[in-house]
Amino acid sequence: MSSAFRVCVLLSASMALPAFAGPAPKVEEVKAKQVVLISFDGAHDVRQWQRSRNLAARTGARFTYFLSCVFLLSRETKGEYHAPGRSAGRSNVGFAQSRQEVAERLAQINLASAEGHEIASHACGHFDGGAWSKADWGKEFDAFSRIARDAYRINGISPEPAGWAKLVASIKGFRAPYLSQSKALNAALRERGFLYNASGVSRGPEAPKPDEGLTDFALPLIPEGPAGKRVIAMDYNLYVRHSGGTEKLDEAAQFETRTLEAFRAAFDKQYGGARIPLEIGFHFTLMNGGAYWRALERFAGEVCVKADVECISYADYMKRNDVAGPLQVDG
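First things first, this report covers the structure right here in the doc. (Residues numbered from 1 in each chain as written. Predicted model: local features only at pLDDT ≥ 70, side-chain atom pairs only at ≥ 80, totals over all residues. Heavy atoms only, no water.)

Turning our eyes to something else, we now look at the layout of surface pockets. Considered as a void within the structure, the largest pocket measures approximately 500 Å³ in volume. Lining the largest pocket are 22 residues, and of these D41, H122, H126, Y236 and H283 lie nearest its centre. At the level of elements, β1 (34–42) and α8 (235–243) are the ones that each hand at least two residues to the lining of the largest pocket. Considering each element in turn, the lining of the largest pocket owes the most residues, 3 residues, to α8. Considered class by class, the residues forming the lining of the largest pocket number 12 nonpolar, 8 polar and 2 charged. Empty space within the second largest pocket amounts to approximately 330 Å³. Considering the residues around the second largest pocket, the lining is formed by 17 residues, among which E118, I119, S170, A315 and K319 are closest to the centre. Contributing elements (two or more residues each) for the lining of the second largest pocket: β3 (118–121) and α11 (314–321). Top contributing element to the lining of the second largest pocket by residue count: α11, with 4 residues. When the residues that make up the lining of the second largest pocket are grouped by side-chain class, the tally is 7 nonpolar, 6 polar and 4 charged. (1 Å grid on protein atoms, 1.4 Å probe; cavity = no way out; pocket = protein on both sides within 12 Å on 5 of 7 lines; lining within 4 Å. Points joined across faces, edges and corners; volume = space filled by probe spheres on them. Helix = DSSP H or I, 4+ residues; strand = E, 2+ residues; numbered from the N terminus. Nonpolar A, V, L, I, M, F, W, Y, C, P; charged D, E, K, R; others polar.)

F40, Y65, Y81, F174 and F299 are the most contacted members of the largest nonpolar core, which has 78 residues in total. Here the element with the most residues in this core is helix α10 (residues 291–303); it accounts for 8 residues. Residue contacts for Y81: discarding those within four places in its chain leaves V70, L73, A88, G89, R90, F95, C124, G125, F127, E140, A143 and I147. Formed by 11 residues, the second largest nonpolar core is a distinct cluster that contains V35, A198, Y314 and Y317. (Core = buried A, V, L, I, M, F, W, Y, C linked by side-chain atoms within 4.5 Å. Buried < 20%, exposed > 50% of the residue type's maximum accessible area, 1.4 Å probe, protein only. Contact = heavy atoms within 4.5 Å.)

Across the junction of S158 and P159, the peptide omega takes the value 0°, indicating a cis bond. Counting through the fold element by element, P159 comes out in the loop between α5 (151–154) and α6 (164–169). Despite not being glycine, A123 shows a phi value in the positive range, around 65°. Along the polypeptide, A123 turns up in the loop between β3 and α4 (134–149). A positive phi angle, close to 50°, is found at N288, a residue other than glycine. Assignment of secondary structure puts N288 in the loop between β9 (278–283) and α10.

None of the figures reported here should be taken as evidence of function without further support.
Dropping the structure here:
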């Protein structure tokens, strides 16, 4: 082999070597989408059903409605409900005013479900069941199932839409009135085949926790106001914080701003950090002139439209993350 040929081979080999030295550049880690779980307790006022659905249509959000079953009974049919330890026809939150109101609410429930929102249970009469036994909770859950399933027949409303019974049977989520929990409640939830309990409260946003076949969700305490004092991320708790639970309409704009800033800060902390789901609870009551609803609408309009944010229902979160685990029923 000639010396010229050997030089040519060596040059070719050297040209085949990588053109850079040192470690390969790191691929930037792709973060999971930020989840926001927005829910409504009681699900009473028909106008707020429509308003929430309009908000969802604008932002792409999907909500969870924790329904109180007494709002599917009118004054004429309220005797169908018999709470543990109370006489028939008693409720802490009243009943629908008329059969027409029930019919309008049923229509909203069907529309919301068809649009991808979740219908879940807030029990019936909004009693504090912290001291109830497993049997008491079982009675309450049976009342919810029966009244919801038979709402059209009980109130003499027809026709019952196709799929109503299937919708009611699909209800597997729960939030306790007053967020009042107990071992007896969880045992009854497992026995009735519920998948999750959204009655908890946590120091800050926490990932949902498996609990013997149930999954526990918790509303977080979030910093709020000039002093950054923590408060449950729920409109009623903000209402009590801001005005002692009484209407102060002259300060409503200030309360709206404080609420929006608190929601933004709680969201930004997770969005820029670990991206733990952020849970926010609401009611259909317009407290302090609707300040909290306006803050919610502004907040959802800012975050739910982001490409890397999902404002979804609890049921959707359960399905997407497979967090339930096998159901274990207490004997």
